[in-house]
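# Residue-level structure breakdown
Listed here are the chains, written in short residue letters.
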Amino acid sequence: MRHFGHVAPAVRERLFFREPCVFGADSPAHVLSAALGATLYSPATRPRLADDIIKQVARGVVSMVLCLEDSIDDSEVVDAEENLVRQFADLEARGAELPLLFIRVREPGQVVDLVRRLGSAVRLLSGFVLPKFTEERGAPFMEAVFQAEKACGRRLFAMPVLESPELLHLETRRETLRGIARTVDKYRERVLALRLGVTDFCSAYGLRRPPDMTAYDVQIVGAVIADVVNVLGRADGTGFTITGPVWEYFRLQERMFKPQLRRSPFLEGRAEELRTALIEHDLDGLLREIELDRANGLLGKTCIHPSHVAPVHALSVVSHEEFSDAQDILRPERDGGGVMRSAYTNKMNEVKPHRAWAERTLLRAEVFGVAREDVGFVELLAAGVVE
């Protein structure tokens, strides 16, 4: 699979200076963690789940989570597990191209049990999403993934979700973060990414952000994100990929604030229609939040609606200017440091302070591609949207 793989080759050639790489479930972990992109969640109860998964591949989805936790009623868990086993068998029989598939479980015991029940279809599974992760709850989950991996003989990843009240509350946050760090470091080779459960954070205080605001506008949430990145997202080799919070909105809502999308980038061709559609579906707020995710050290995003996928991926593509800066910073002859004017002559590139940024940028360029010099996110978004 590859990002923008659902786009015609001629269109990709027109859009990209360097096209996104091809990757698969067996690719190196550092590639997969950067390539997750818009991870689409789906309740495990859906009766035509196999059809839904194959359909989403055609929309550009490369990672999905099949949820047995908060998205379904407590009384549906047994039926949902049985449905998952049936749907995986159906997918195995079809042999179609699939995204990276993860199962979000409730309890550690489900991990080994589901791997056993999936049988040979477990080869389609990339891992598990582990809810409400703390040191106390997380260690049994991680051990279960380790045991399941040994039982099925294939690599399985874990994606812990950081969403517990202990992480949110100021008096317990520091020790909770230390405990999470100890746990994920112990199982580092199997932790693909850490996911943020911002909906649960808001729930603890009876909050819900409106579509005109991002998670970063809710200051109590923004503070937690900053602390998580501070402890768990460092660029010194100890950090992990941390994915952006879910965007909850996908239908027209009555607006209090004016749209956040400037008109000027959308003035040519069908782009004005695209801008209108984004505003009508409350996706202008999503675009702003994606930009803030990246500015705050996050990569990828939890998504609950297919319409969110194209914006996440379009804004994950590396611009030609970013790529030029990153390459200049990482030139071997500049290992000793120094400072230089950028090739675009609009900024300073300082080799030592900007090295970690440049390394991350080139990894993102590998999986999401590099846009041509005259291509912006509007063209990438328009190409990625499937009607």
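For the structure itself, consult the block above.
What you see is a predicted model; the values in this text were computed from it and never measured.

Parameters at a glance
The residue count restarts for each chain, going from 1 along the sequence in the order it is written. A pLDDT threshold of at least 70 governs which residues receive local features in this predicted model, and a stricter bar of 80 or more applies before side-chain atom pairs are shown or counted, although totals over entire chains, interfaces and linings include all residues. Think of the side-chain values as coming from all heavy atoms in the structure, minus any hydrogens and water. Axis definition: a line fitted to C-alpha atoms, limited for helices to the stretch in contact. Angles are taken between N-to-C directions and run from 0 to 180 degrees. By the criteria applied, helices consist of DSSP H or I runs no shorter than four residues and strands consist of E runs no shorter than two, each listed in order from the N terminus. Orientation is classified from the angle alone, with under 35 degrees giving roughly parallel, over 145 giving roughly antiparallel, 65 to 115 giving roughly perpendicular, and any other angle giving oblique. Each crossing gets its hand from how the near helix is turned against the far one by less than a right angle, where anticlockwise is left-handed and clockwise is right-handed. We call two residues in contact when some of their heavy atoms are within 4.5 Å. Lys, Arg, Asp and Glu make up the charged group, whereas Ala, Val, Leu, Ile, Met, Phe, Trp, Tyr, Cys and Pro make up the nonpolar group; the residues left over, Gly among them, are polar. For Phe, Tyr and Trp, rings pair up if their centres lie within 6.5 Å, where Trp contributes its six-membered ring, and each pair is then called stacked (planes under 30 degrees apart), edge-to-face (over 60) or tilted (otherwise). Partly exposed residues are those whose accessible area sits between 20% and 50% of the maximum for their type, while under 20% is buried and over 50% is exposed, using a 1.4 Å probe and protein chains only. In these notes, a set of buried Ala, Val, Leu, Ile, Met, Phe, Trp, Tyr and Cys residues joined through side-chain atoms within 4.5 Å is what counts as a nonpolar core.

Following both chains from N to C, one finds helix 8 (residues 170-186) and helix 10 (residues 219-232) inclined at 40 degrees, their axes separated by 10 Å at the closest point. Classified by the angle their axes make, helix 8 and helix 10 are oblique. In this structure, helix 8 crosses over helix 10, and the sense of that crossing is right-handed. Of helix 10, the residues touching helix 8 (which contributes Arg173, Leu177, Ile180, Ala181 and Val184) are Ala223, Val224, Asp227, Val228, Val231 and Leu232. Class assignment of the residues belonging to the contact of helix 8 with helix 10 gives a composition of nine nonpolar, no polar and two charged.

Let's shift gears to the packing of aromatic side chains. Across all of its chains, the model carries three aromatic pairs by this definition. Note on Phe4 and Phe16: the rings are 5.3 Å apart at their centroids and 70 degrees apart in plane angle, and the pair reads as edge-to-face. Here Phe16 lies in strand 1 (residues 16-18) and Phe4 lies in the segment before helix 1 (9-15), a separation of 12 residues in the sequence. Just as Phe4 is buried, Phe16 falls in that class too. Ring centres 6.1 Å apart and planes at 65 degrees place the aromatic pair Trp247 and Tyr249 in the edge-to-face group. Here Trp247 falls in the buried class, since its relative accessible area comes to 1%. For Tyr249, a relative accessible area of 11% translates into the label buried.

A word on the nonpolar core. If you look at the biggest cluster of nonpolar residues, it comprises 73 residues, and the most contacted ones within it are Phe88, Ile103 and Phe128. Other than its neighbours up to four places away in sequence, Phe128 contacts Phe102, Ile103, Val105, Val111, Leu114, Val115, Val145, Leu156, Phe157, Ala158 and Met159.

For residues besides glycine, phi is generally negative; the peptide bonds are generally trans as well. If you check the backbone angles, Phe4 has positive phi at about 65 degrees while not being a glycine. We note that Thr345 has phi near 55 degrees; this positive angle belongs to a residue other than glycine. Secondary-structure assignment places Thr345 in the loop between strand 10 (339-341) and strand 11 (348-350).

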